[in-house]
Amino acid sequence: MLRFWSAVVLVPLALAVTWWGGLPAYLLVALVSAIVFAEWANIIGRSPRLLPSTPDVSIGVAFVALSAIVAGMQGLVTGLAVLVAGMVGVALISRSAWLAAGVAYSGLLGVCLAALRGEDAAGLASVVVLLVLVWATDSFAYFAGRTLGGPKLWPRVSPKKTWSGSIGGLVGGVVLAALAAWLFGVRVGPLLLLCLAVLSIVSQAGDLFESAIKRHFDKKDSGCIIPGHGGMMDRVDGLIFAAIGAALIGALNGDHHIGQGLLSW
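Here's what I pulled together on the structure shown here. For every chain, the first residue of the written sequence is number 1, and numbering continues from 1 along that sequence. Residues qualify for local features only when their pLDDT is at least 70, as the model is predicted, and side-chain atom pairs are given and counted only at 80 or more; totals for whole chains, interfaces and linings, by contrast, use all residues. For side-chain calculations, the full set of non-hydrogen atoms in the structure is used, while hydrogens and water are omitted.

Some details on the overall build of the chain
Here's step 1: Within the chain, the regular secondary structure consists of 10 helices and two strands.
Here's step 2: Starting at the N terminus, the α and β elements of the chain follow one another as α-α-α-α-α-α-β-β-α-α-α-α.
Here's step 3: Classification of residues uses two cut-offs on accessible area relative to the type maximum, computed with a 1.4 Å probe and protein chains only: under 20% is buried, over 50% is exposed, and between them is partly exposed. For the chain, with 265 residues in total, the buried portion stands at 51%.
Here's step 4: Here a residue-residue contact requires only that any non-hydrogen atoms of the pair lie within 4.5 Å. Once local pairs closer than 6 in sequence are excluded, the contacts in the chain between residues at least 24 apart make up 69%.
Here's step 5: Here the Shrake-Rupley method, with its probe set to 1.4 Å, supplies the accessible areas, and only the displayed protein chains count as covering residues. Accessible surface computed for the chain: about 12,500 Å², of which carbon and sulfur atoms make up 72%. Labels follow the DSSP assignment, with helices taken as runs of H or I lasting at least four residues and strands as runs of E lasting at least two, numbered in each case from the N terminus.

Structural data, given as structure tokens:
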């Protein structure tokens, strides 16, 4: 029940800020990315609590947040440059490859989402379609897995996930994301459907990646900031990988803004 009410609050908030765009949207993704980095630092044992308690973690939080804002206002490449500077700084100060990797992991979420959103209508459509894809993939995978059961997907890392859930998430995610794209007036052709399928799979890989990280460091949840979900990272693990994939796909499609490039396949 807590999971349901958390979604009731968070989903409309995310969609509303995405629709508004501009600095509020960039600030939101910057905040989410900074929280994810703080949780990563806690998981790997570099910070005993969510609030940054050491200079290396504080610097990481600052650069992760700044890179998202810069990416929204100045574009993907500039945001990535800021993020790389943060990674180098954290690596030099902390002498921890794990902590520097956390800057990349959390920072790419903010940089890619902010760059996708940009300032135009195509950016709005691309982010909404991506959010629908990830949320639908997660939801359909959960219900299909619970209903159909069957062979486990990767039991050593995530004992509850099944192949039936993964396939159900893929199909349901692509169908609802394609519907969302169509409602925005996007032509839904075979290449776009293929891109959505790839991103759905990538989203599920992101979920498994986070499970593997938590299992490696013997952690059950990334935190407790979201009732019913655990930490912020537990909620956006699939979105992180999907946002990175969406930015790459959008950037590959010619000279378009990457949000437009994503939906123009």
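Examining the side chain of Thr 162
Here's step 1: With respect to the secondary-structure elements, Thr 162 resides in strand 2 (residues 158-162).
Here's step 2: N or O atoms within 3.5 Å of each other form a polar contact, as long as, within protein, one can give a hydrogen and the other can take it, and as long as residues adjacent in sequence are counted only when both atoms are side-chain atoms. Separated by 3.0 Å, the side chains of Thr 162 and Ser 164 make a polar contact.
Here's step 3: Those residues within four positions of Thr 162 in sequence are excluded, and the remaining contacts are Gly 145, Gly 149, Gly 150, Pro 151, Lys 152 and Leu 153.

Digging into the packing of aromatic side chains
Here's step 1: Note on ring pairs: Phe, Tyr and Trp rings are taken, using the six-membered ring of Trp, and paired if centres are within 6.5 Å. Classes follow the plane angle, with under 30 degrees stacked, over 60 edge-to-face and the rest tilted. In the structure shown here, the tally under the stated rule is seven aromatic pairs.
Here's step 2: Relative to Tyr 105, the ring of Trp 40 lies with its centre 5.0 Å away and its plane at 40°, an arrangement referred to as tilted. In this pair, Trp 40 sits in helix 2 (residues 22-43) while Tyr 105 sits in helix 5 (residues 97-117), placing the two residues 65 residues apart along the sequence. In this pair, the class of Trp 40 matches that of Tyr 105, namely buried.
Here's step 3: Measuring from ring centre to ring centre gives 5.3 Å for Phe 209 and Phe 241, while their planes differ by 35°; the resulting arrangement is tilted. With Phe 209 in helix 8 (residues 190-216) and Phe 241 in helix 9 (residues 232-252), the pair connects residues that are 32 residues apart, well separated along the chain.
Here's step 4: Taken together through their ring pairs, the aromatic side chains of Trp 40, Trp 98, Tyr 105, Phe 209, Phe 217 and Phe 241 make up a single cluster.

A word on the packing of helix 2 against helix 5
Here's step 1: In this analysis an axis means a line fitted to C-alpha atoms, helices contributing only their contacting stretch, and an angle means the value between N-to-C directions, from 0 to 180 degrees. Where helix 2 contacts helix 5, the axes come no closer than 9 Å and their chain directions differ by 160°. Here helix 5 runs roughly antiparallel to helix 2, going by the angle between their axes. For the crossing formed where helix 2 meets helix 5, the hand is right-handed. On the side of helix 2, the interface is formed by Tyr 26, Val 29, Val 32, Ser 33, Val 36, Phe 37, Trp 40 and Ala 41, while helix 5 contributes Trp 98, Leu 99, Ala 101, Gly 102, Val 103, Tyr 105, Ser 106, Leu 109, Gly 110, Leu 113 and Ala 114.
Here's step 2: Residues that form the contact of helix 2 with helix 5 fall into these classes: 15 nonpolar, four polar and no charged. Orientation labels follow simple angle bins: below 35 degrees gives roughly parallel, above 145 gives roughly antiparallel, 65 to 115 gives roughly perpendicular, and whatever is left gives oblique. The hand of a helix crossing depends on one turn: near helix anticlockwise from the far one by less than a right angle means left-handed, and clockwise means right-handed. Gly is placed with the polar residues, together with every amino acid not listed as nonpolar (Ala, Val, Leu, Ile, Met, Phe, Trp, Tyr, Cys and Pro) or charged (Asp, Glu, Lys and Arg).

Here we look at the pairing of strand 2
Here's step 1: Strands qualify as paired when DSSP identifies two bridges or more between them. Note that strand 1 (residues 152-154) and strand 2 share two bridges and pair antiparallel. Bridge pairing links Lys 152 to Thr 162 in strand 2.
Here's step 2: In this antiparallel pair of consecutive strands, strand 1 and strand 2, the connection spans three residues.

Concerning helix 3 (residues 55-74)
Here's step 1: In a helix, the anticipated span is given by 1.5 Å times the number of residues less one. Here helix 3 spans 27 Å end to end across 20 residues, near enough to the 28 Å set by a 1.5 Å rise per residue.
Here's step 2: Of all the positions in helix 3, only Asp 56, Val 57, Gly 60, Val 61, Val 64, Ala 65, Ser 67, Ala 68, Ile 69, Val 70, Ala 71 and Gly 72 are classed as buried.
Here's step 3: On its buried face, helix 3 is in contact with helix 2, helix 4 (76-94) and helix 5.
Here's step 4: With its phi angle positive at about 110°, Gly 75 sits one or two positions after the end of helix 3.

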